[in-house]
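Remarks on the overall topology
Take a look at the letters that make up each chain.
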Amino acid sequence: MLFSKTIKLPAKLIEQYRRDLVIGSAVAAKSEQSLYQLHLESLAQLEKLLDEEASIEELVSHVRSERHTHGWSFLSGNEGEKATTSAHILLTYLENQIFKIKGKDWYYSDDYRQHSP
């Protein structure tokens, strides 16, 4: 099932998040390097989903997973805070579009999983 409306993400939000991750990774403690890499890979996957106009269920699964990952993997220091903030801005932008299409109740329920491929 393709989106009934196209979900778009401004390139500047993607670029800012990527830039914050790269800068943060460059100065982060060795113990945090894998977290930064995980977020960079997740961002690449998100871009792929958007480019392919994946189903809204796939997109929601990814967005919720990334929210969870950021919630559990603290990125320390000012650079970590910047990366987490830019992720929040990007994910909120996507979530607001999803809310308009499917509603908040649907997004926060597990109903979307019943239709996932």
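Residues numbered from 1 in each chain as written. Predicted model: local features only at pLDDT ≥ 70, side-chain atom pairs only at ≥ 80, totals over all residues. Heavy atoms only, no water.

Observations regarding the overall build of the protein
Regarding its fold elements, the protein presents five helices and zero strands. In sequence order, the secondary structure elements of the protein are arranged as α-α-α-α-α. Relative to the globule expectation of 13 Å for 117 residues, the C-alpha radius of gyration of the protein, 15 Å, shows essentially globular dimensions. Taken along the three principal axes of its C-alpha coordinates, the protein extends 40 × 25 × 20 Å. (Helix = DSSP H or I, 4+ residues; strand = E, 2+ residues; numbered from the N terminus. Rg over C-alpha atoms; globule rule 2.2 N^0.38 Å.)

Some words on the environment of L46
Along the chain, the position of L46 falls in helix 2 (residues 33-51). Taking the C-alpha atoms as reference points, L46 and L59, 13 residues apart in sequence, are found 7.5 Å from one another. Non-local contacts of L46, meaning those with residues more than four positions away in its chain, are made with L9, L59, H62, L90 and L94. (Contact = heavy atoms within 4.5 Å.)

Thoughts on the nonpolar core
If you look at the biggest cluster of nonpolar residues, it comprises 25 residues, and the most contacted ones within it are L9, L46, L90, L94 and I98. Secondary structure elements with two or more residues in this core: helix 1 (11-27), helix 2, helix 3 (56-72), helix 4 (77-102) and helix 5 (104-108). Looking at this core element by element, the count peaks at seven residues for helix 4. (Core = buried A, V, L, I, M, F, W, Y, C linked by side-chain atoms within 4.5 Å. Buried < 20%, exposed > 50% of the residue type's maximum accessible area, 1.4 Å probe, protein only.)

Description of the pattern of salt bridges
Considering all chains together, one arrives at two salt bridges under this definition. Residue R18 pairs with E47 through a salt bridge whose shortest N-O separation is 2.3 Å. Separated by 29 residues along the polypeptide, R18 in helix 1 and E47 in helix 2 bring together distant segments of the chain. Residue classification places R18 among the partly exposed residues on the basis of a relative accessible area of 31%. The class of E47 is partly exposed, set by a relative accessible area of 22%. (Salt bridge = Lys/Arg side-chain N within 4 Å of Asp/Glu carboxyl O.)

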